[in-house]
Amino acid sequence: LVTLFDSGSHEGSPYIVMELIEGETLRERLVATPAFPVRRAVDYAIQIARGLAAAHDKGIIHRDLKPENVFITSDGRVKILDFGIAKLSATFDNDRTDARTAQHDTAPGTVVGTVGYMSPEQVRGRDVDHRSDLFSLGAILYEMLSGRRAFRGDSAADTMSAVLREDPQDLSLITRAIPPALDRAVRHCLEKSPEQRFQSARDLAYDLESLSTLGSTAGHAALHKRPWQRMIIPLVVALAALGMLAAWRTGLRVTWKQPDPWERRSFLQLTYAPGKELQPSLSPDGKTIVYVSSQSGNPDIYLQRVDGRNVLNLTKDSTFADVMPAFSPDGSLISLRSGRDGGGIFVMGATGESVRRVTDFGYNPSWSPDGTELVVATEGVTMTPGARATRSQLWIVNVKSGAKRLLVKGDAVQPSWSPHGDRIAYWGLVGASGQRDLWTVSAHAQDAEKTTVAVTDDASLDWNPVWSPDGSWLFFGSDRGGAMNLWRIRIEERSGKPRGPAEAVTVPSRFAGGFSMAASGAIAFAGLEPTNAIMRLELDPITMQPHGSPQRIFGGSLLVNSFDISPDNQWLVLSNVERQQDLYTLRSDGSDLRQLTNDPEKDRGPSWSPDGTMVWFYSQRPEKRYEIWSIRTDGSDMEQLSSTTGSPIWYPRISPDQKYIAAYCDKGAVLFLRAKRGSFDLLPNPSPELHFASPFWAGGESLVGGIEGLDGRRLPGIYRFDITTRKYDRLLEKGGMPVPTADGRFVIFNEGTRLNTLDVATGAVRQLPMEGDEDDHVTISANRRSLYSILDTTEGDIWILTPEK
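Residues numbered from 1 in each chain as written. Predicted model: local features only at pLDDT ≥ 70, side-chain atom pairs only at ≥ 80, totals over all residues. Heavy atoms only, no water.

Within the protein chain one finds 10 helices and 53 strands. A buried classification covers 54% of the 805 residues belonging to the protein chain. For the protein chain, long-range pairs separated by at least 24 residues make up 48% of all intrachain contacts whose partners lie at least 6 apart in sequence. Surface accessibility of the protein chain: about 36,000 Å² in total, with carbon and sulfur atoms responsible for 51%. (Helix = DSSP H or I, 4+ residues; strand = E, 2+ residues; numbered from the N terminus. Buried < 20%, exposed > 50% of the residue type's maximum accessible area, 1.4 Å probe, protein only. Contact = heavy atoms within 4.5 Å. Areas by Shrake-Rupley, 256 points an atom, 1.4 Å probe, with all protein chains shown as cover.)

Okay, here's the thing in structure tokens:
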């Protein structure tokens, strides 16, 4: 620490006398040399840790540790500067990720520190202790070793989101010069929870000191061993051999612990095309892969050799979406979901020949080990496991005859048949809550649902299970580590019971999914770098024709799920799709992001009250079932508005007269709740197999929405429902995702990702120069002058993970 010799006041001016130090700040040195040699970085980190330990012993927490506040003297000593942030509150420049703080008293909930080096608890404005400084030191050490910042986004808000939800790339993937032990020490500092970090700066200094000889190699060290040290290993080996021989001769059983092949693994990226390549399936021998891409303008299935770059489109002759491929156990066939001929599950030869339909329904097919049957779900899952709302069944279908039998009536998706045929793993929603867990079920029992066994049961989102080739492990996707990545759990295949806790496998991707395992043990997966952006298009309010082209107003690592614009057109309210799902407000020009909720509960589907003073949303607080809530725009007066039984309800939207709330439930009906709680009424379904979906108020007491099948499929067409007459009329035979203007005169809808306008009075349809996604992520201002949509900018590629046996 910098030594202070004296302080006082002279002629009314305060002064401090401190030691004179000559050199440069760590930031200046990083600018000149972005990445330091390992030995130097560790030496600097040890000195910083010792300085922090001295301060922490006196009860002093720095709270603004960063390269600018670390000084390297000309003789290589490290000094920590600027302990003056003890009572400060943050003011951030949204265009800078190194924004400083302004000097004010610290109030509860105030963010204190520098963006990019603050601990998660600092970002959330919570009380901090000495372990917050250790997180900051971990970020500095990461930067010294890698030459890049651990957390950085396009804006201060993006950077703070990264601190809360993302893990920096493994140092060992950036450069092999960094030993795994040092990588683990850095990650230990950067744990999101203070309880999981080093518990003192002294412990960290001791750990780094033990690594201070990391520059030497094992061979170099061996050359300097004394003669008796070089003899010790052969002697131990000889004694172990004699012990084994003695044990064998006396009939004792000796068990060697088998090395875990997953402790060392290699990664190979297979695809590099722009856009997203998803849903991979490895052939049993691990030499060929099929996956889904829309590079042709239509979702198709592509085949590629693992050791090659030539790609073959297997479904180029189909104009419908062909997705969810799965190789048969012998590699001769591929099952798939296709929209052709009304949709269903199809099989084709391994190079795309002889396509035939097996069922007229189903998603995510998985083969039985003998290749005679498929298990399918009635609802499909791609790479958005957090967006599910309806319930799905599992069916087993005979590949040759098409005969089917119901396996699971409760919620079940993404089935995976075990290698010996005993069990089927799947995941689903827990009751009326948003919890998502894994189960297994007997594939052959008479009453299969009585054989279900829970594999996971916690708040983490668990999905996409796949079995190891020997049936002893279940690999799956989970956000339990903070980001969506690969995990495994030891399991007994015959009973389906877990045999230990979940273990992280970890792949180099911010979001990983679509796992597929070959008989060789290799795992294919889709690695995503998810980003999206809110786009705004200015419109003529009379003709609804665009002025200019869409403009990006907000985007980055905060992934927006749904949003709505205030009645005065000044603010957007939005929810995000990461592990902690909260509500935010944002000015309509993309500035001034503010967080309304901040807790582990899932807060979703916000919309404004007609007077603009309240935000309505659905949340699973506190009973772990989704109900309707409201909150003021300053984050106060949160209130539960509904208390129901049965199906959970989502996406509340209050009528202009505030008499009704239109919402949505998994029974395939729209739910009306009186604003004063109490009664509710299920709308009649348009037909026994269909229901009204995703309603929006369209002036007065009418609603506009789409039609869905009871299996969750959205059907083309835009419908209007009149509350008074309780009758439907169809406005358009095509399109989906309908969002009406506040007066009901126009409807915005999509065809694929292209947005269009429908003039309700004339039936005229015009295409807009703007794209959306396939969900209800469009909103239009009440004055019809601005249209907002979410543009998915995610990149996705296929990777192969191979354990080094």
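There's plenty left to go through after this.
The subject of this paragraph is the sheet that holds strand 50 (residues 765–771). Sheet strands pair by backbone hydrogen bonding; their relative direction is either parallel or antiparallel. The strand order across the open sheet built from 4 strands is 47-48-49-50, with neighbouring strands paired in antiparallel fashion. Both edges of this open sheet fall to strand 47 (736–740) and strand 50, since each of them pairs with a single strand only. In this sheet, adjacent strand axes meet at a mean angle of 25° when their direction is disregarded. Two elements, strand 47 and strand 48 (residues 746–751), share 3 bridges in a ladder whose sense is antiparallel. From the neighbouring strand, V739 faces strand 48, where its bridge partner is I748. (Pairing = 2+ DSSP bridges. Axes fitted to C-alpha atoms, helices over the stretch in contact; angles between N-to-C directions.)

Under the defined criterion, the tally for this structure stands at 14 aromatic pairs. When the centroid spacing of 5.1 Å and the interplanar angle of 80° are considered together, the rings of Y618 and Y626 count as edge-to-face. Residue classification places Y618 among the buried positions, given a relative accessible area of 3%. Residue classification places Y626 among the buried residues on the basis of a relative accessible area of 4%. The positively charged end of K404 is found above the aromatic ring belonging to W395, 5.4 Å away from the centroid. (Phe/Tyr/Trp six-rings, centres within 6.5 Å; stacked < 30°, edge-to-face > 60°. Lys NZ or Arg CZ within 6 Å of the ring centre and 35° of its normal.)

Orientation of helix 4 (residues 130–146) relative to helix 7 (residues 180–189), taken along the N-to-C sense of each, is 145°, at an axis distance of 7 Å. Crossing handedness for the pair helix 4 and helix 7: left-handed. Along the contact surface, helix 4 presents L134, F135, G138, L141, Y142 and L145, while helix 7 presents L182, V186 and C189. (Left-handed = near helix turned anticlockwise from the far one by under 90°.)

Counting buried residues in strand 44 (residues 702–709) gives 8 out of 8 residues, a clear majority hidden from the surface. Across 6 bridges, the pairing between strand 43 (residues 690–697) and strand 44 is antiparallel. Looking across to strand 44, one finds that F696 is bridged to V704. The turn linking strand 43 back onto strand 44 is made up of 4 residues, and G699 within it adopts a positive phi angle of 75°.

The next subject is helix 4. The end-to-end C-alpha separation of helix 4 is 25 Å, in line with the 24 Å expected for 17 residues at 1.5 Å each. Of all 17 residues in helix 4, 16 are buried, a share of seventy percent or more. G147 sits one or two residues past helix 4 and shows a positive phi near 80°. (Expected span 1.5 Å × (residues − 1).)

The end-to-end C-alpha distance of helix 2 (residues 38–57) is 28 Å, a good match for the 28 Å that 20 residues give at a rise of 1.5 Å each. For helix 2, a buried count of 14 out of 20 residues is recorded, marking the element as mostly surrounded by other parts of the structure. Directly beyond the C-terminal end of helix 2, a positive phi value near 75° is found at G59.

Looking now at the packing of helix 2 against helix 4. Where helix 2 meets helix 4, the closest approach of the two axes is 10 Å, and the angle between their N-to-C directions is 165°. With respect to helix 4, the axis of helix 2 lies roughly antiparallel. Between helix 2 and helix 4 lies a crossing of right-handed hand. On the side of helix 2, the interface is formed by V38, A41, Y44, A45, I48, A49, L52 and H56, while helix 4 contributes H130, D133, L137, L141, M144 and L145. Tallied by class, the residues present in the contact of helix 2 with helix 4 amount to 11 nonpolar, 2 polar and 1 charged. (Parallel < 35°, antiparallel > 145°, perpendicular 65-115°, else oblique. Nonpolar A, V, L, I, M, F, W, Y, C, P; charged D, E, K, R; others polar.)

Overall, antiparallel pairing links the 4 strands, which are arranged 6-53-28-27 in an open sheet. Looking at which strands have only one partner, the edges of the open sheet turn out to be strand 6 (265–269) and strand 27 (511–517). Along the sheet, successive strands turn relative to each other by an average axial angle of 30°, direction set aside. When strand 28 (residues 523–529) meets strand 53 (residues 795–803), the two strands line up antiparallel, connected through 7 bridges. Paired with A524 across the two strands is I800, which belongs to strand 53.

The next point concerns a nonpolar patch on the surface. A grouping of L4, I16 and M18 is seen on the molecular surface, where their side chains present a nonpolar patch of about 310 Å² in accessible area. On the secondary structure map, L4 appears in strand 1 (residues 4–10). Exposure remark for L4: the relative accessible area of 54% places this residue in the exposed category. (Patch = residues over 30% accessible without salt bridge, like charges linked within 9 Å, V, L, I, M, F, W, Y side chains within 5 Å. Salt bridge = Lys/Arg side-chain N within 4 Å of Asp/Glu carboxyl O.)

Evaluated as defined, the whole model comprises 33 salt bridges. A salt bridge links R29 to E24, with the shortest nitrogen-to-oxygen separation between them at 2.8 Å. On the basis of relative accessible area, E24 is assigned to the partly exposed category, the value being 25%. In this structure, D729 engages R720 in a salt bridge whose closest nitrogen and oxygen atoms are separated by 2.9 Å. According to the relative accessible area criterion, R720 is partly exposed, its value standing at 28%. One salt-bridge network, in which partners are shared between bridges, spans R27, E68, E143 and R149.

On to the side chain of E166, then. Along the chain, E166 falls in the loop between helix 5 (156–165) and helix 6 (171–174). Within the local environment of E166, its side chain forms a polar contact with the side chain of R510, the two groups lying 3.2 Å apart. Residue contacts for E166: discarding those within four places in its chain leaves F151, S161, K192, R510 and S557. (Polar contact = N/O pair within 3.5 Å; in protein donor to acceptor, adjacent residues only side chain to side chain.)

Once that is clear, we can look at unusual backbone geometry. Positive phi, close to 60°, is recorded for M544, a residue that is not glycine. Within the secondary structure, M544 sits in the loop between strand 29 (532–539) and strand 30 (546–556). Phi is positive for N569, which is not a glycine, with a value near 65°. Mapped onto the secondary structure, N569 falls in the loop between strand 31 (560–565) and strand 32 (571–576). When its relative accessible area of 15% is taken as the criterion, N569 is described as buried.

Time to look at the nonpolar core. The biggest cluster of nonpolar side chains holds 51 residues, and the ones touching the most others in it are L141, M144, L145 and L182. At 10 residues, the largest contribution of residues to this core is made by helix 2. In this structure L141 touches A41, A45, L182, V186 and L208, once residues within four positions along its chain are discounted. In terms of nonpolar packing, the next biggest core, distinct from the first, is built from 31 residues, I289, V306, L461 and A526 among them. (Core = buried A, V, L, I, M, F, W, Y, C linked by side-chain atoms within 4.5 Å.)

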